[in-house]
Amino acid sequence: MENDITRNDTFQKNSFPTGIGKEFDAFIQALATLEADAAKRGLKGIDVIAAIRKLLMDKRVPSPLSGKLDLDRILPGTANVVSPPEWLTDPALSQAAGTIRKSSSLRIGYRIVNISYLLTCIEARFSKPEITSPDARLKLGSSLELVSFQGTLAQAIFQFAQKATIPTIPGAPPPKLNPALLDTFYAQYSGTDKITAFVDVLSMSYNMQDTISNNLLNYYTNTKGAIANSYNSFAKRIGLGNYKDGGFDNNNADFRSKQVNNILGASMLYNLDSGKKTDVDVMLREGTKNPLYATYTASADYMYTKFVDVVATGASMEFHVPAVLSWNRLEPRPRTNNFKRVLRAEMRDALWILSRQWQMGEFAAEDTGTPVEMRVDMQTSPVGKYSLHKNPAKPLTNQQPLETIVEREVVQPDLTLRLEMGKHWLRLLEAKLTADPTPIAPAMITAVLNGFKANASLHFVLPTPNTNFPEIYSDNSMLHWYAALANGRAIDGNVLYKALKTGTTADSFITSPSPAITTLINNTATEFVQWFESIYSQPAIATDSAWNASQLEYQFHTSAPDSNSAVTVLTADEYASGHLDWYNFDIETKSSNYDAGLLTGYTPDLISRKVITVLPGDLQFPGMPNRRWWKFEDYKVDLGGIKPDTTEPAKLLLAEFALIYSNDWMLLPFAVDAGNICSTQSITVKDVFGQYTSIQPAGAGDSTDWQRWTMFNLFRRNYGGGIADTRLFIPPSTIKVMEGDPLESVSLMRDEMANLVWGIENIIPNGKGIGIEGWDAARRLLKYLQSITIAPPAAPPANNTAAIEYQLGTTVPENWIPFIPQRIDSVTSREIQLRRAAMPRIIPGRTIERVRPRTELLRTGYNATTNTWGAYTIFEEEVPRSGAIIERTWQRTRWLDGCVITWLGRRKYTGRGEADSGLEFDNVRDKEV
């Protein structure tokens, strides 16, 4: 930053470090850089302040103040000033601008100052326009007073009134205050950092002939400026009086009433463009006759009182908490050049220390030696194939995480994606036509683009309002989208993509003007297909999926070579958590459970073996007991504070390991690529006595030995016994995945009273890329169908004197999909499966229909081409009493080469208990009169 400082000749270069802090120093230096550039551009005085203040509030870059205040209306003198665009593009200036923007709230000494408000108040201080209401009835004085505490409190008052008050009902009592909301709004709009900024502006002697950076340096590094009773002087300036014993002398009721009225007026002025302007104006005119007046007045008085309390606290801190503006570094001063005595570490009571060592058993020797060298012989073999849910085996490469390959689904473009695909095709085609080495006339380029736009097969079509598209006509937002896109206003990129995938050429959609342009169009179409398929990771065909809908889990196999002739097959058939690790996999030994292709295609050269020699290191973890009695452990972890219950043996084992056996373990680093099965052939340890010891793997021996203990190893399924497998698998999985909001969410819940399981569609896709509430969508759909159905005249009820009536049955919301229990084999087995059923939709005047699910999670078995529904069953054990929640979400991660991978996957979570639908049949109830 030194080069930047020299740009401003008036900058106090010798002021650094100021002693206030690195954050303040960096801010001042960045500010000086921007001021020097502003001076070169002819900006002076208040215009420089406005340019930097508007940089802080630039909406192109996220900022805490963006969109809060219309300061161009309040400060009209600088309304036309803009921040130079080079401050965001030039490397040196953008670095300074970034430092400024990060410093919106700056720690200066022991205080935090809001720099945005500080610059705004300085600007207002020298603008001084008179602010009046539109009808000139309220005159609030200079803009400084308004922009300072009155303006920010007014924002809080107005926001509170908008959210906390209710419409006035004739005869109803006035709305009540909500203290919690008041505290929230006060904290948001009138934080201590803002009030500190107002305090400093009124306290500092600002020199307009000097730079902003020098003014702030002079103020904050001068103990008579920033520290000497600035809160107290601020209180006097605004009329609070002298601070004494935690409060102010001036407690005049008339003065407080005047301040409250000013705040109410500021509330109206700050919101001239809002819809509540009329309400506030009427409220101020009618005074106590208006029911809202009491709420406004009480909340304004409350926040004014809070404001006085904050100022009083600040004044108290200034009297009792001095700021540290400079310091001296403490260094030892040696008195001699001889360090022999210091290094001896003399013990004044040697007998006592020897006695304590004997008491603690430190003289009891062991016949052991410290390890000084370890040799590790490791064999690794990479997984090379995978099979999804017994599908044919395919090669497995490291181009994508294993989670992506397992979870991904075919993306069915919704309305927004179809629109984006169409827009991208036109942009891509125009770019290719324009950049062609052989010049193409602009009129011909326009003709080609218009040819695609005019092709009716690529147009969005507004469906006819009939019963075939009730989901669209029951959603006003979706209907408006279709209406806006219909009649050739945009092209459907998904139609073009599907046509290209089935072999149709892109030039067939238009009349191509020349063979050269035809070739260019078809080449661009190939690039268009590659673009779409690179955005989302998708399987080649929809059936290439690992999702087992009956068990609500992903199921797949992988394989790796074990020796010159043997292959190890790993199975993972209970995966639905979103992250793959070693515990998801078992070794499958029964060949009928996987595809035979997993066993072929491997060569011996894939197996690698490596021997390394390393220095062993001690295993360490926070809170680990030290080996010597005379050292203290890390206080942040209190292992002695573990209080396990009688049903928590895992806690006891953890505490025992950490407190007794932790120093018996050594750490041996060995780098292995992800996606390898590791087999430790041998570990040989050499100690300080030159003896060699061979370390056997934990858990080695007979796999049927019930006393065998191991961890991180693979379990052999369908294994009759023999030597235990001690290998370790490191799957090629991602570390971190970004997960979007659910597109679909289904809760599977048991209803014991109805003897059913319900698939409740809590979230369904809205067709525009996001999920919406399933209950609300079902309600709107039913309401629309009722509105377009002409019900026959109802027969008048029979006139009788019966006291009871018969009810055929009750209904449930249409987003509740029933699953009924069904025996797998009614003759030889009592095992139950849950089969998807359908509730009837009964609307008078309309044929009775089945209510079908609207989520892909529950539409298993549906054929969209033939519009037929096949059976869908779920194993009963997959829906426990706690239930299950299935979600479908977008996943995004970065892989080994830094590329971004996006896919659509599913997750399963534990449910929240049972459901009570209230579904009943054949009821006798009291007759309604």
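Residues numbered from 1 in each chain as written. Predicted model: local features only at pLDDT ≥ 70, side-chain atom pairs only at ≥ 80, totals over all residues. Heavy atoms only, no water.

**Considerations on the packing of helix α20 (residues 415-435) against helix α25 (residues 515-535)**
The contact between α20 and α25 brings their axes to 10 Å, and the two run at 140°. One element, α20, and the other, α25, form an angle in the oblique class. The two elements α20 and α25 meet at a crossing, and its hand is right-handed. The segment α20 lies against α25, with Leu417, Met421, His424, Trp425, Leu428, Leu429, Lys432 and Leu433 engaging Ile517, Leu520, Ile521, Thr524, Ala525, Glu527, Phe528, Trp531 and Phe532. Of the residues that constitute the contact of α20 with α25, the class distribution is 13 nonpolar, 2 polar and 2 charged. (Axes fitted to C-alpha atoms, helices over the stretch in contact; angles between N-to-C directions. Helix = DSSP H or I, 4+ residues; strand = E, 2+ residues; numbered from the N terminus. Parallel < 35°, antiparallel > 145°, perpendicular 65-115°, else oblique. Left-handed = near helix turned anticlockwise from the far one by under 90°. Contact = heavy atoms within 4.5 Å. Nonpolar A, V, L, I, M, F, W, Y, C, P; charged D, E, K, R; others polar.)

**What about a nonpolar patch on the surface?**
A cluster of nonpolar side chains, namely Leu659, Ile660, Tyr661 and Trp665, defines an oily patch on the protein surface of about 420 Å² accessible area. Mapped onto the elements, Ile660 comes out in helix α26 (residues 649-661). (Patch = residues over 30% accessible without salt bridge, like charges linked within 9 Å, V, L, I, M, F, W, Y side chains within 5 Å. Areas by Shrake-Rupley, 256 points an atom, 1.4 Å probe, with all protein chains shown as cover. Salt bridge = Lys/Arg side-chain N within 4 Å of Asp/Glu carboxyl O.)

**A short note on the nonpolar core**
In terms of nonpolar packing, the biggest core is built from 66 residues, with Ile100, Leu118, Ile212, Leu216, Tyr220 and Val311 touching the most fellow members. Broken down by element, the residue count for this core peaks at 9 residues, all from helix α16 (residues 291-320). With residues near it in sequence (within four places) discarded, Val311 still touches Ile195, Tyr231, Phe234, Ala235, Leu240 and Phe248. Within the second largest apolar cluster, 35 residues are counted, among which are Val406, Tyr575, Ile677 and Leu857. (Core = buried A, V, L, I, M, F, W, Y, C linked by side-chain atoms within 4.5 Å. Buried < 20%, exposed > 50% of the residue type's maximum accessible area, 1.4 Å probe, protein only.)

**Section: the packing of helix α7 (residues 115-127) against helix α10 (residues 192-203)**
One way to put it is that α7 packs onto α10 with a least axis distance of 8 Å and a crossing angle of 35°. At the point where α7 passes α10, the crossing takes the right-handed sense. Here Tyr117, Leu118, Cys121, Ile122 and Arg125 of α7 lie close against α10, whose contacting residues are Lys194, Ala197, Phe198, Asp200 and Val201. Split into classes, the residues belonging to the contact of α7 with α10 amount to 7 nonpolar, no polar and 3 charged.

**Examining the environment of Glu887**
If you trace the backbone, Glu887 turns up in strand β33 (residues 884-894). Among all residues touching Glu887, those that are not within four sequence positions of it are Pro742, Glu744, Ser745, Leu857, Gly905, Arg906, Arg907 and Tyr909.

**Concerning α7**
In a regular helix each residue adds 1.5 Å, so 13 residues correspond to 18 Å; α7 covers 18 Å between its end C-alpha atoms and thus fits that length. Most of α7 sits inside the fold, with 11 of its 13 residues counted as buried. Two or three places before Ser116, at the start of α7, stands the capping residue Asn114, its side-chain oxygen 3.1 Å from that residue's backbone nitrogen. (Expected span 1.5 Å × (residues − 1). Polar contact = N/O pair within 3.5 Å; in protein donor to acceptor, adjacent residues only side chain to side chain.)

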